[in-house]
Amino acid sequence: KSSKREWKPLEDHSCTDVPWLLLFVLFCIGMGFICGFSIATGAAARLLSGYDSYGNICGQKNVKVEGIVNSGLDLTHKKYVFFLDPCNIDLVHQKIKSIALCVSACPRKELKTLADVQNFAETNGSTLCSYELHPSEYTTDPRAAKLCPKFPVPESAPIPFFHRCAPVNISCYAKFAEALITFVSDSSVLHRLISGVMTSKEIIMGLCLLSLVLSMILMVIIRYISRVLVWILTILVILGSLGGTGVLWWLYAKQRMSAGALETQVAKDNLQALLIYAIAATVFTVILFLIMLIMRKRVGLTIALFHVAGKVFIHLPLLVFQPFWTFFVLILFWTYWITVLLFLGITGSPVPNEEGFVEFRMAGPLKYMWWYHIVGLVWISEFILACQQMTVAGAVVTYYFTREKRNLPFTPILASVNRLVCYHLGTVAKGSFIITLVKIPRMILMYIHTQLKGKENACARCMLKACICCLWCLEKCLTYLNQNAYTATAINSTNFCTSAKDAFVILVENALRVAAINTVGDFMLFLGKVLIVCSTGLAGIMLLNYQRDYTIWVLPLIIVCLFAFLVAHCFLSIYEMVVDVLFLCFAIDTKYNDGSPGREFYMDKVLMEFVENSRKSMKEAGRGGGAEGRELKPM
C-alpha cells in the first residue's frame with residue numbers, strides 16, 4: 001500500500017499560506033496609496049465640490065493656472081457647477097461636452113431667453129453666463145450667444161453631496177440612453193420604455209421585495225420539509241410554467257379580440273410584447289418538461305441529500321444570512337473602488353487642452369495606476385467571495401465532524417470566521433489570486449472583442465470567442481476546485497496547494513457520485529430559482545396588466561425578473577455550497593472510516609443511503625462500470 005496522509009478533522013489548527021497573506025496586505029496598501037495620492041492631489045475636492053472648465057474648484061479660493069484665463073478666481077460663494085449645455089454628452093470620451101461654470105444657485109425653473117437669465121442673475125445673484133460677462137451685458141453683448149447657456153435652460157436641482165446642477169426632466173437622460181442603446185431604431189420606443197419604468201416604480205419595488213420574501217420562504221421550507229420539497233418543487237414548477245404560459249396566451253387572445261380598440265402606440269407595443277412572451281414561455285415550458293421527463297428517475301435521489309442539508313440549516317440558521325453580509329461587504333468595497341476610480345479620472349496636473357480649457361492629466365508611470373486599481377477590483381472581490389466560501393465550509397465541517405450535535409459551538413459561523421481570520425486568510429488570498437489570473441485575461445479578451453466588433457474577420461472572431469469560452473470554463477473548474485480546497489483546509493488545516501491536491505484526489509475517486517449530485521442536486525436548485533422567477537413574473541404580469549393602456553411594461557417586467565433571479569441565486573447558492581461541502585466530508589469519512597470500533601462513521605445515515613442509492617441507480621443505467629466502490633457499512 002502506498003502511504004497516504006491521514007485526515008484528522010478539527011484536531012489542530014495552524015497558519016496556512018502566510019507569504020500570500022503578506023503579499024495581499026502589501027497589495028491592499030498599494031490600493032490605499034492610490035486613494036491617498038488622489039486625495040492629496042486635490043481629486044477629492046474636485047469630485048465633491050466640482051470644478052469649472054478653467055480649473056477652479058467651486059466654493060473656495062483657487063490658484064492661477066499659467067496660460068488659462070479665468071483661472072485662480074475666488075469662488076467662495078459659488079458652490080455649484082452649472083453646464084451651459086447639460087444634454088450635450090460626448091459618448092466617446094464619456095463626459096458632458098459643455099462649458100462648466102461655478103454658480104451660486106441652480107435655476108429652479110425653465111429659462112427661455114437671455115432676459116430670463118439676466119433677471120435670474122439680478123434676483124438670485126447667480127450668473128449663468130461666463131465670468132467675463134456682467135449680468136447687465138447679457139442682452140446687449142453679442143458674445144452672449146456663445147458665453148451663455150443653450151436655450152431653453154432646463155429646470156435643474158443640485159445633486160446631493162456633489163454640487164452639480166442636474167436637469168430635473170429625464171428627457172435629457174433618455175436621449176443619452178438612446179445614444180448608448182444602438183439597437184433601438186425608433187427613438188420614441190426608448191422614451192416610452194423609460195417612462196414605463198418611472199410610472200411603474202412602486203410596482204417594481206414591491207415585486208422586488210416579493211422575490212426576496214419568496215426566497216426566504218423557500219429557505220424555510222428547505223429547512224423544515226426537505227423530504228417532500230423536491231416533489232412539491234417539481235409539481236409547482238410544472239404548474240407554474242403551464243399556468244404562466246396559459247395566462248400569457250389568454251391575455252394575448254383577449255387583447256387581440258379587442259384589436260379595434262388599440263388606438264395608442266403603447267397598447268400595440270404591449271400586444272406585440274405579449275405575443276413574444278407567450279411564444280418564449282411555451283418554448284421554455286416544453287424544454288423544461290422534456291428535461292424533467294428524462295431526469296424523473298433521479299429526482300428521488302435528491303430527497304435524502306436535501307434532508308441532510310436541511311438539518312445543517314436547522315443547526316446553523318445564520319447560514320441563511322451569509323449572502324446579506326457578503327453582499328453588504330461587496331457593496332462597501334465597490335463603493336470605495338468606484339469613488340477612487342472617479343478620483344483617478346480627475347487626478348493630475350492642470351494642463352490646457354486644444355479648446356483653451358483645463359484638463360487634469362497624470363504623467364509618467366502614474367498614469368498606469370488605474371490598471372493596478374482594476375486588478376484590485378477583481379482580486380479583492382474574489383477574496384471577499386472566497387471568505388464566504390471558507391466561512392460556510394468551516395461551519396459545515398464543524399457540524400459534520402462533531403459526533404454529538406449538542407456539543408456544537410454556540411455559533412459555529414462565528415467560530416468559523418474566527419478560524420478564518422486567525423489561520424486561513426493566506427489560503428483565501430492565494431485561491432482568489434488564482435481566479436484573478438484567469439478572470440483578467442478573459443476580461444481583456446472580451447474588451448478586445450467588443451472594440452473590434454464588426455472590424456475583425458470571421459477567423460479572428462471565432463478564435464477570440466474560443467479563447468474566451470476556454471478561459472470561462474477554466475475559471476468555473478478552478479472555482480469549484482477552490483471551494484473544495486477551502487473545505488479541505490477547514491478540515492485538516494493544510495495550505496492551499498496540499499488541500500487542492502487532496503480534494504482533487506477525493507473528487508476523482510468519487511467521480512460518479514459527484515456527477516450524480518451535481519446533475520440532480522443542481523438541477524433541483526435551478527428549479528427553485530425558476531419557481532421564484534416565475535412567481536414574481538406572474539405577479540408582475542397581473543399587476544402591470546392594469547396599466548397596459550398607458551404604460552409599456554416590457555422593461556419593468558424584465559427588471560423584476562432579473563432581480564428575482566439574482567436574489568434566488570444568492571440564497572440557493574449557499575444551499576448548493578452546503579451540499580458540496582457535505583459531500584466532500586462524506587467522501588473523506590467513507591475513505592478513512594469503516595464503522596469498526598475506533599473508526600466509526602461521522603456521517604448522517606440518510607446521506608449514506610443517498611449515495612448508495614445513487615450508485616445503484618447509475619449501475620442500472622449502465623454507467624456504473626467497475627467503479628462501484630466498496631459496500632457501505634451502517635453506523
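As a reminder, the structure under discussion sits directly above these lines.
Keep in mind the model is a prediction, meaning the values are calculated, not measured.

**Q** Tell me about the layout of surface pockets, and name the residues and values.
**A** As a volume, the second largest pocket reaches approximately 1,400 Å³. Leu385, Gln389, Lys476, Thr479 and His569 are, among the 43 residues lining the second largest pocket, the residues nearest its centre. At the level of secondary structure, the elements contributing two or more residues to the lining of the second largest pocket comprise α12 (322-345), α13 (369-400), α14 (412-451), α15 (458-492), α17 (511-544) and α18 (554-592). Split into classes, the residues belonging to the lining of the second largest pocket amount to 22 nonpolar, 13 polar and eight charged.

**Q** Mind laying out the packing of α15 against helix α16 (residues 496-509), listing which residues take part and the relevant values?
**A** The relative placement of two packed helices is expressed as an angle between their axes plus a distance between the axes. As a packed pair, α15 and α16 sit with axes 8 Å apart at the nearest point and diverge in direction by 110 degrees. By the angle between their directions, the pair α15 and α16 is classed as roughly perpendicular. Listed contacts from α16 to Tyr480, Leu481, Asn482, Asn484, Ala485, Tyr486, Ala488 and Thr489 of α15 are Phe496, Ser499, Ala500, Ala503, Phe504 and Leu507. Tallied by class, the residues present in the contact of α15 with α16 amount to 10 nonpolar, four polar and no charged.

**Q** How would you explain the state of the cysteines if you had to name every residue and give the values?
**A** Inspection of the entire model under this criterion finds three disulfides. Covalently, Cys106 is tied to Cys165 through a disulfide, its sulfur atoms 2.0 Å apart. Measuring handedness by torsion sign, the sulfur bridge of Cys106 and Cys165 sits at about -80 degrees and is left-handed. In this pair, Cys106 sits in the loop between β4 (100-103) and α3 (114-124) while Cys165 sits in strand β6 (residues 165-167), placing the two residues 59 residues apart along the sequence. Between Cys129 and Cys148 runs a disulfide, and the two sulfur atoms are separated by 1.9 Å. When the S-S torsion is 110 degrees, as for the bridge of Cys129 with Cys148, the disulfide is right-handed. Here Cys129 is found in the loop between α3 and α4 (144-147), whereas its partner Cys148 is found in the loop between α4 and β5 (156-158), with 19 residues between them in sequence. For Cys129, a relative accessible area of 0% puts it in the buried group. Here Cys477 stays unpaired: no disulfide links it, and the sulfur of Cys473, its closest cysteine neighbor, is 6.7 Å away. Of all cysteine sulfurs, the one in Cys561 lies closest to Cys534, which takes part in no disulfide; the gap is 8.2 Å.

Cut-offs used in this document
- Residues numbered from 1 in each chain as written.
- Predicted model: local features only at pLDDT ≥ 70, side-chain atom pairs only at ≥ 80, totals over all residues.
- Heavy atoms only, no water.
- 1 Å grid on protein atoms, 1.4 Å probe; cavity = no way out; pocket = protein on both sides within 12 Å on 5 of 7 lines; lining within 4 Å.
- Points joined across faces, edges and corners; volume = space filled by probe spheres on them.
- Helix = DSSP H or I, 4+ residues; strand = E, 2+ residues; numbered from the N terminus.
- Nonpolar A, V, L, I, M, F, W, Y, C, P; charged D, E, K, R; others polar.
- Axes fitted to C-alpha atoms, helices over the stretch in contact; angles between N-to-C directions.
- Parallel < 35°, antiparallel > 145°, perpendicular 65-115°, else oblique.
- Contact = heavy atoms within 4.5 Å.
- Disulfide = S-S within 2.5 Å.
- Buried < 20%, exposed > 50% of the residue type's maximum accessible area, 1.4 Å probe, protein only.

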